[in-house]
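# Structure at a glance
Single-letter residue listing:
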Amino acid sequence: TDQYTGADHGTRGRLDFWISRFGDKPVIDITEFDVGDGLIELATRPARGKKRPLTGSSINRYKITLSTVFILCGKLRRRGLLRRPPANRLRLYWID
């Protein structure tokens, strides 16, 4: 994440959230239940500096960040660097 040069400065914080959720768990062992638990936490915790929970669009940004990690892992798998796909058959859906 130190090399990121895009305009979205919240990427680091979103990656840090997922890292804190999964700890040292290998990405290939992350399940849809692990992700679901993280999304539930996001939907119920207050937004930074506010009393209301995160909006659907904010939660979608967390999902996009995690999805990008899984896409990268898929590319690594195709190159033989991972044994099996992360979160087998996991689908991340948009929140309306």
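Residues numbered from 1 in each chain as written. Predicted model: local features only at pLDDT ≥ 70, side-chain atom pairs only at ≥ 80, totals over all residues. Heavy atoms only, no water.

### Here's the deal with the overall build of the protein chain
Within the protein chain one finds three helices and zero strands. Mapped in sequence order, the helices and strands of the protein chain form the string α-α-α. Counting over 96 residues, the protein chain shows a buried share of 31%. Here the contacts in the protein chain between residues at least 6 apart in sequence split such that 53% fall between residues at least 24 apart. Accessible surface, the protein chain: about 7100 Å² in total, of which carbon and sulfur atoms supply 53%. (Helix = DSSP H or I, 4+ residues; strand = E, 2+ residues; numbered from the N terminus. Buried < 20%, exposed > 50% of the residue type's maximum accessible area, 1.4 Å probe, protein only. Contact = heavy atoms within 4.5 Å. Areas by Shrake-Rupley, 256 points an atom, 1.4 Å probe, with all protein chains shown as cover.)

### What about helix 3 (residues 56-78)?
Taking 1.5 Å per residue, 23 residues should reach 33 Å; helix 3 reaches 32 Å between its end C-alpha atoms and fits that length. Every buried residue of helix 3 is listed here: Ser 58, Ile 59, Asn 60, Tyr 62, Lys 63, Thr 65, Leu 66, Phe 70, Cys 73 and Gly 74. Structurally, helix 3 contributes buried residues whose contacts are with helix 1 (11-22) and helix 2 (32-44). Two residues or fewer after helix 3 comes Gly 80, characterised by a positive phi angle close to 85 degrees. (Expected span 1.5 Å × (residues − 1).)

### Some points on the packing of aromatic side chains
Two measures describe an aromatic ring pair: the distance that separates the ring centres and the angle between the ring planes. Applying the stated criterion across every chain yields a total of three aromatic pairs. Seen from their ring centres, Phe 17 and Tyr 62 are 5.4 Å apart, and the 85 degrees between their planes marks the pair as edge-to-face. Residue Phe 17 is located in helix 1, and its partner Tyr 62 is located in helix 3; the two are separated by 45 residues in the primary sequence. Exposure remark for Phe 17: the relative accessible area of 5% places this residue in the buried category. Measuring from centroid to centroid gives 5.5 Å for Trp 18 and Phe 22, while their planes differ by 20 degrees, and the two rings are stacked. Taken together, the positions of Trp 18 and Phe 22, both in helix 1 and four residues apart, correspond to about one turn of that helix. (Phe/Tyr/Trp six-rings, centres within 6.5 Å; stacked < 30°, edge-to-face > 60°.)

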